[in-house]
Amino acid sequence: MNSKSSLPFLPFSRPTIDEATIAAVGEVLRFGWITSGPKVQAFEAMLSEYFGGRPVRTFNSGTCTMEIALRIAGIGPGDEVITTPISWVATANVIIEVGATPVFADIDPVTRNIDLDKLEAAITSRTRAIIPVYLAGLPVDMDRLYAIAHRHKLRVVEDAAQAIGSTWKGRRIGSFGDFVSFSFQANKNITTSEGGCLVMTDADEARLAEKYRLQGVTRSGFDGIDVDVLGGKFNMTDIAATIGLGQFGKLDEITAHRRAMARRYFELFGADFESRTGAQLPVADFEQSNWHMFQLVLPQRITRAAFMEKMMERNIGVGYHYPPIHLFSLYRARGFHETMFPVAERVGRQIVSLPMFNALLPGDVERTVDAVESILR
Ligand SMILES: *Cc1c(COP(=O)(O)O)cnc(C)c1O
């Protein structure tokens, strides 16, 4: 490797699968039922219990989970859906996918989540739903979010892809609210390799979710089958569910560890870090956030590319989550352009994700802070 560092590569994220889970996956493969079966049912039952008994169905990605939530809500052509420009592009793509119109509202510079005042100002007579994102696992003000939704009679599809284990005023994200969508993609706090789940409100929604995830099929008796809605192929496999079951037992431990590592970052950067360097730390929330990521917004005097290159010279991986969605070509072609969402544009240009994962060690945090300090000095 062309590297100044003799230390091993430290990625910004990496999954950890324990030996018991690997053995359990082996058993599923030997057993022979490798698509959706008893493990998916067990995983869904466990998730439902975790979310306070609400109905939960699993899917093969967080993306299709949100798309199915929009379909269950009946969102389609002519409808506007408001979301944040600072998210993975999936959040806005699903709005286009169901034929609706994506509308963005700028972010709050401190939380980096959608600014709820700007969200409310963006509501029109065509707005049908809102998709808030809990970036890095930090929830928005959930009381205000649902007050706005109720006032304007809007459905909410929470993109809680990054927020498994996060809470709001002591309640688990997902245990209350309207639709709540999680992702179990490889980099998330809990993974199934790929996958997602949707928490819903009633049994009718859950039945529709089952149809949308498997060709619209309903079965009855020994050989009864009907198709009454257009569904796709979005089911989770028992292999994936087995990984999820293995991971989920450790969720509290994982969340506690990430919070401890986030605290360590704050201690090492010190109270004067922002005034010394001009960089911006995340919100110091060790109660509610699950610390899916630890993100800095760099000062304007250094480009993100230059910062990433210097971190790479020290053998440390850095992520960027996310460039603003509205500036991608697909969205520019729909009329979005620079200067529309200035906070998102500044943050989206300068935000970096430092190493944060379930097996991150205090020494990794020290090494990362040393590197950041030497680069920004
Ligand atoms: C990961 C993620 C998604 C998409 O989830 P997939 O499982 O990769 O489809 C959507 N939104 C956010 C904010 C995410 O982090």
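Residues numbered from 1 in each chain as written. Predicted model: local features only at pLDDT ≥ 70, side-chain atom pairs only at ≥ 80, totals over all residues. Heavy atoms only, no water.

### Observations concerning the environment of Asn315
Looking at the element boundaries, Asn315 is found in the loop between helix H11 (304-313) and helix H12 (329-332). The buried category is assigned to Asn315, whose relative accessible area is 7%. Through-space distance from the C-alpha of Asn315 to that of Asp285 is 29 Å; in sequence the pair is 30 residues apart. (Helix = DSSP H or I, 4+ residues; strand = E, 2+ residues; numbered from the N terminus. Buried < 20%, exposed > 50% of the residue type's maximum accessible area, 1.4 Å probe, protein only.)

### Thoughts on the pattern of salt bridges
Between side chains of opposite charge, pairing is possible as soon as their charged atoms come close. Counted by the stated rule, this structure contains 19 salt bridges. Arg57 is the salt-bridge partner of Glu210, the closest N and O atoms lying 2.6 Å from each other. In this pair, Glu210 sits in helix H7 (residues 203-213) while Arg57 sits in strand E1 (residues 56-59), placing the two residues 153 residues apart along the sequence. The partly exposed category is assigned to Glu210, whose relative accessible area is 32%. One salt-bridge network, in which partners are shared between bridges, spans Arg155, Asp178 and Glu205. (Salt bridge = Lys/Arg side-chain N within 4 Å of Asp/Glu carboxyl O.)

### Here's the deal with the pairing of strand E8 (residues 179-183)
If a strand is regular, its side chains alternate between the two faces of the sheet. Counting buried positions along E8 gives 5 out of 5 residues, so the element sits mostly inside the fold. Both faces of E8 are covered, namely the face carrying Phe179, Ser181 and Ser183 and the face carrying Val180 and Phe182. Pairing between strand E5 (residues 155-159) and E8: 3 bridges, direction parallel. Paired with Glu158 across the two strands is Val180, which belongs to E8. (Pairing = 2+ DSSP bridges.)

### A short note on the state of the cysteines
All told, the structure shown has 0 disulfides when counted by the stated rule. Cysteine Cys64 remains unbridged, with the sulfur of Cys197 as its closest cysteine sulfur at 11 Å. (Disulfide = S-S within 2.5 Å.)

### Re the nonpolar core
If you look at the biggest cluster of nonpolar residues, it comprises 42 residues, and the most contacted ones within it are Phe51, Ile82, Leu119, Met142, Leu145, Ile173 and Phe182. Counting only elements with at least two residues in this core, the list comes to helix H2 (38-50), helix H5 (116-121), helix H6 (142-151), E8, strand E9 (196-199), helix H8 (238-248) and helix H9 (251-269). In terms of residues, this core owes the most to one element, H6, which gives 5 residues. Beyond its immediate chain neighbours, meaning those up to four positions away, Phe51 contacts Val56, Ile164, Ile173, Gly174, Ser175, Phe182, Cys197 and Val199. Counting 30 residues, the second-largest nonpolar core is a separate cluster that includes Phe273, Phe357, Leu360 and Val372. (Core = buried A, V, L, I, M, F, W, Y, C linked by side-chain atoms within 4.5 Å. Contact = heavy atoms within 4.5 Å.)

### Remarks on unusual backbone geometry
Leave glycine aside and you will find that most residues have negative phi; peptide bonds, for their part, are mostly trans. Residues His321 and Tyr322 are joined by a peptide bond in cis, for which omega reads 15 degrees. With respect to the helices, strands and loops of the structure, Tyr322 is situated in the loop between H11 and H12. The backbone of Lys169 shows a phi angle near 50 degrees, a positive value even though the residue is not glycine. You can call Lys169 exposed: its relative accessible area is 59%.

### Overview of the domain arrangement of the chain
As far as domains go, the chain holds domain 1 (19-248) and domain 2 (251-376). At the junction of the two partners, domain 1 supplies 41 residues and domain 2 supplies 40 residues. Between domain 1 and domain 2 lies a buried interface of about 3200 Å² when both sides are counted; carbon and sulfur atoms form 58% of it. Of all residues in domain 1, the largest losses of buried area upon contact with domain 2 belong to Phe104, Arg112 and Asn189, amounting jointly to 23% of the total for that side. If you look at where domain 1 meets domain 2, you find 22 residue pairs in polar contact (both at pLDDT 80 or more). Elements that contribute at least two residues to the side of domain 1 that touches domain 2 include exactly helix H4 (90-97), strand E3 (101-104), strand E6 (167-168) and H8. (Domains from an automatic or database assignment. Buried area = accessible area lost by both parts, 1.4 Å probe. Polar contact = N/O pair within 3.5 Å; in protein donor to acceptor, adjacent residues only side chain to side chain.)

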